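Residue strings, one per chain:
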Amino acid sequence: MATHIQPEGLADKGIAGETVDPPVRRERKFGSGVEILLLTIFMVVMLFPVIWMLETALKETKDIYAVPAKVFSFSPTLDHFQNVFSSDSPVFKGFVNSVIVAGFSTLIATVLGVPAAWAYSRFTLKAKKDQLFFILSTRFMPPVVVVIPVFLMFRDLSLLDTRLGLVLVYAAFNLPFTIWMMKGFIDEVPAEYEEAAMLDGFSRFEAFWRVTMPLLIPGIAATAVFALIFSWNEFVFSIFLITDPDTRTAPSAIAGLIGGTTIDWGLVAASAMTFAVPVLVFAFLVRKHLVAGVTLGAVRR
Amino acid sequence: MAEVLVKKLHKAFPDGTVAVEELSLEINDGELFVMLGPSGCGKTTTLRCIAGLEEETSGEIRIGDEVVSGLRPSQRDIAMVFQFYALYPHLSVKENMAFPLRAANRPESEVEERVAEAARMLQLEPYLTRKPSKLSGGEQQRVALGRAMVRHPKAFLMDEPLTNLDAELRADMRAEVKHLQQRLGATMVYVTHDQTEAMALGDRIAIMNKGNLEQLGAPMEVYNRPATLFAARFIGSPPMNLIEAEVTNGHLTAAGDLRITAPEGLQRGQKVIAGVRPEGLTVSESGEGVKGRVVSKEALGDETIFVVECEAGLFHVRMPATARFEEEQVVAVRHVGAAPPAYDPTSEKVVSAP
């Protein structure tokens, strides 16, 4: 890809083994003009809703309903964001609940999933492949399909309208994913490390804890972020299983703002923006591990 | 240090593959014992059973006076060196070597002393603060050796420790391992598939094949008198020439009237396979012997290996570097020196040897 990084005139000299063909270069230059134009159009189309939402969040209420729409000529205000975080706001509790539910469900999935993945990676088990496929198959079913049975079970167990219920459901959904992803990471850590530690005087579990565990931390972080994002974004279970405004999570709380006679679009937009930020930040922080986690483990032999 | 006893070891894996049929070994105190064989012959499985990383299906393993069956690896007081070194990548060289001592909760002063001693013996002092990934293969393997010796274990188990090193380094490390083993007076069980390594290192060699012991003996014994055709093919580079022959008047006669000195105790007319080492044959321009054609030659500097095609098959012949024959040249091949071992073609076992 030398064409992109090398400045004009240097390209032809090239580094050894990297030959750059000048005619192809000219064609690409012409092509890249069209490309940039197309990509710009594409970007505007894709990002327009996001930008519109951000603008809505920053506009005063009267500007939101202005016809024709004020795209640039409005005076920005942070009132709506202030409303999101005020104590009597209907969404603020939702955010708190979301943090609790996403955090605990991820914690449970990780604490159960990592040792399970370790066992699947290290031990010879009967029908290991079938077991692993069964675990994965629980993810094949869309949440909507199972939400009604879960609802009925939760009604009997009086778990409806509780955060605990949601934590359990999300943990159950994240567990297969955690096992599969962590198995990939653990497969990459040679079993010899643990065997060496066992001969050096540790029990099997101590060997795992002291030697393999420190090498798995990047993998665990990446897996946990995936689980966290799933739990944070999940909507179907949240809206079906919880109707109580005190225990519902942010997605259904935000959805609850729409409806009734007057809709405070500014608050909706500000809540949605606030809701999107943590996921973006987390994904950005662990982006290297996310790619490594999806392709291969991050530990080299 | 202690002796290691393996009695009627049998190991089958849950999927049904039998790694070790039945194996009995007596490894003496202070001995460097080599288990040699191709991959899948059961040598590594045997080693892992001794280590306690695999559980034996039946049989008994003793280390010193203790029956270790059912004991955890950590309770057996042995050290193991792995093919991929298995140095803990997140710990420094020093911490890697101190690891077994820390696991045993030894006092810090003792840890320091033992690690320093091992580092001195293995010339690792300049690298103590580095991480394993910053070391060369040879240095990493020395650290692995150091980690094995700090604890003064009853026995060392070596699982192909030099396989991952390049050829030059391997010869150096081979000498170092031998030297170290002698200085420590250590009992060492050494697994390898490299016959040169086995010959160079072993006090005794056990040749294994398909989960069975083919032969057990000192290196020269194994070299001069392979007990089976498998052992004959495995030991020596190039390997023995296995020549089908018939016993005639005090000779073994092969196709094309190639005459080989017969070992004692064979019946006239008996069909055997003679195992002739490459140095037991000689090539001359003409004269006595059978006619053959030089197919290829490998000039190794100190000697030259000729591959000669005769009526009785392809022969490898080891000649001094002064022998000059060209490819495609017609030459005469004959047997020289002592009688070779003879094997029964069906049982593949040695029937007579000098």
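How each quantity is defined
- Residues numbered from 1 in each chain as written.
- Chains lettered and ligands numbered in written order.
- Predicted model: local features only at pLDDT ≥ 70, side-chain atom pairs only at ≥ 80, totals over all residues.
- Heavy atoms only, no water.
- Helix = DSSP H or I, 4+ residues; strand = E, 2+ residues; numbered from the N terminus.
- Buried < 20%, exposed > 50% of the residue type's maximum accessible area, 1.4 Å probe, protein only.
- Contact = heavy atoms within 4.5 Å.
- Lys, Arg positive; Asp, Glu negative; His and termini not counted.
- Charge placed at Lys NZ, Arg CZ, Asp CG, Glu CD.
- 1 Å grid on protein atoms, 1.4 Å probe; cavity = no way out; pocket = protein on both sides within 12 Å on 5 of 7 lines; lining within 4 Å.
- Points joined across faces, edges and corners; volume = space filled by probe spheres on them.
- Nonpolar A, V, L, I, M, F, W, Y, C, P; charged D, E, K, R; others polar.
- UniProt positions renumbered as here; feature names shortened; annotations may be inferred.
- Buried area = accessible area lost by both parts, 1.4 Å probe.
- Salt bridge = Lys/Arg side-chain N within 4 Å of Asp/Glu carboxyl O.
- Polar contact = N/O pair within 3.5 Å; in protein donor to acceptor, adjacent residues only side chain to side chain.
- Pairing = 2+ DSSP bridges.
- Axes fitted to C-alpha atoms, helices over the stretch in contact; angles between N-to-C directions.
- Core = buried A, V, L, I, M, F, W, Y, C linked by side-chain atoms within 4.5 Å.
- Expected span 1.5 Å × (residues − 1).
- Arc of directions from axis to C-beta.

1. Quick look at the overall build of chain B
When helices and strands are tallied, chain B shows eight helices and 21 strands. Counting only C-alpha atoms and orienting by the principal axes, one finds that chain B spans roughly 75 × 45 × 35 Å. Looking at the 354 residues of chain B, the share that counts as buried comes to 53%. Sequence-distant contacts, at least 24 apart, represent 65% of the contacts inside chain B between residues at least 6 apart. Here chain B carries 39 positive and 50 negative side-chain charges, and the mean point of each set is 3 Å from the other.

2. A few points about the environment of threonine 282 of chain B
Residue and element names in this part refer to chain B. Its location among the elements puts threonine 282 in strand β15 (residues 281-284). With relative accessibility at 16%, the residue threonine 282 sits in the buried group. Those residues in contact with threonine 282 that lie beyond four places of it in its chain are Val317, Met319, Ala332, Val333, Arg334 and Val336.

3. Considerations on empty space enclosed by the protein
Rolled over the atoms, a probe as big as a water molecule pinpoints where empty space is left. Under the defined criterion, the tally for this structure stands at two cavities of 30 Å³ or more. Reported here for the largest cavity is a volume of approximately 40 Å³. Every residue along the wall of the largest cavity is listed here: Ala196, Leu199 and Asp200 of chain A together with Ala79, Met80, Phe82, Ala144, Arg147 and Ala148 of chain B. For the lining of the largest cavity, the secondary structure elements donating two or more residues are α9 (191-199) of chain A together with β6 (78-81) and α4 (137-149) of chain B. Ranked by the residues each element gives to the lining of the largest cavity, the list is headed by α4 of chain B, at three residues. Across the lining of the largest cavity, the residue classes break down as seven nonpolar, no polar and two charged.

4. Digging into the UniProt feature "domain: ABC transporter" (unreviewed entry) in chain B
When the UniProt feature table is mapped onto this chain, "domain: ABC transporter" (unreviewed entry) is found at residues 4-235 of chain B. The annotated region residues 4-235 of chain B carries 36% helix and 25% strand content, and the separation between its end C-alpha atoms amounts to 25 Å.

5. Overview of the UniProt feature "domain: ABC transmembrane type-1" (unreviewed entry) in chain A
According to UniProt, the positions carrying the feature "domain: ABC transmembrane type-1" (unreviewed entry) are residues 95-286 of chain A. Across residues 95-286 of chain A, helical content stands at 79% and strand content at 0%; the span's end C-alpha atoms are separated by 22 Å.

6. Here's the deal with the interface of chain B and chain A
Taken together, the contact pairs 21 residues of chain B with 17 residues of chain A. Carbon and sulfur atoms make up 69% of the area that chain B and chain A hide from each other, which totals about 1800 Å². In terms of surface lost to chain A, no three residues of chain B exceed Tyr88, His90 and Phe99 of chain B, which account for 25% of the buried area on that side. Connecting chain B to chain A are two salt bridges. Residue arginine 147 of chain B is joined to aspartate 200 of chain A by a salt bridge in which the shortest nitrogen-to-oxygen separation is 3.6 Å. Linking chain B to chain A there are six residue pairs in polar contact (both at pLDDT 80 or more). Of all the secondary structure elements, the ones that give two or more residues to the side of chain B that touches chain A are α1 (43-51), β6 and α2 (93-103) of chain B.

7. A closer look at the UniProt feature "transmembrane region" (unreviewed entry) in chain A
Residue and element names in this part refer to chain A. Per the UniProt entry, the sites bearing "transmembrane region" (unreviewed entry) are residues 36-54, 95-120, 132-154, 166-186, 207-232 and 265-286 in this numbering. Taken end to end, residues 36-54 is 100% helix and 0% strand, and its two terminal C-alpha atoms sit 25 Å from one another. The span residues 207-232 is 100% helix and 0% strand, and its two end C-alpha atoms sit 34 Å from each other.

8. Examining the sheet that holds β15 of chain B
Note: strands within a sheet are paired through backbone hydrogen bonds, in either parallel or antiparallel orientation. Residue and element names in this part refer to chain B. A sheet is described by the order of its strands in space; here five strands give the open sequence β15-β19-β16-β17-β18, paired in antiparallel fashion. For this open sheet the edge positions go to β15 and β18 (313-320), each flanked by a neighbour on one side alone. Pairwise comparison of adjacent strand axes, ignoring direction, gives a mean angle of 45° for this sheet. Summarising the sheet, strand β16 (residues 290-299) and strand β19 (residues 330-335) pair through four bridges and their orientation is antiparallel.

9. Section: the nonpolar core
Note that soluble globular proteins tend to have their nonpolar side chains buried in a common cluster. Ranked by internal contacts, the top residues of the largest apolar core, which has 59 residues, are Leu216 of chain A together with Met35, Met80 and Leu157 of chain B. Among the elements that line this core, the one with the most residues is helix α10 (residues 204-233) of chain A, at eight residues. Residues within four places of leucine 157 of chain B in sequence aside, it is in contact with Leu47, Ile50, Ala51, Ile78, Ala79, Met80, Val81 and Val189 of chain B. Membership of the second largest hydrophobic core comes to 47 residues, among which are Met97, Leu180, Leu201 and Val222 of chain B.

10. Observations concerning helix α3 (residues 108-121) of chain B
Residue and element names in this part refer to chain B. Along its 14 residues, α3 runs 20 Å from first to last C-alpha, staying within 8% of the 20 Å computed at 1.5 Å per residue. The set of residues buried in α3 consists of Glu110, Val111, Arg114, Val115, Ala118, Ala119 and Met121. The arc that holds every buried residue of α3, seen down its axis, measures 165°, which confines them to one face. Exposed side of α3, more than 90 degrees from the buried face: Ser109, Glu113 and Arg120 are the residues found there. Buried residues in α3 make contact with α2, α4 and α5 (167-184). Positive backbone phi, at 55°, marks glutamine 123, one or two positions downstream of α3.

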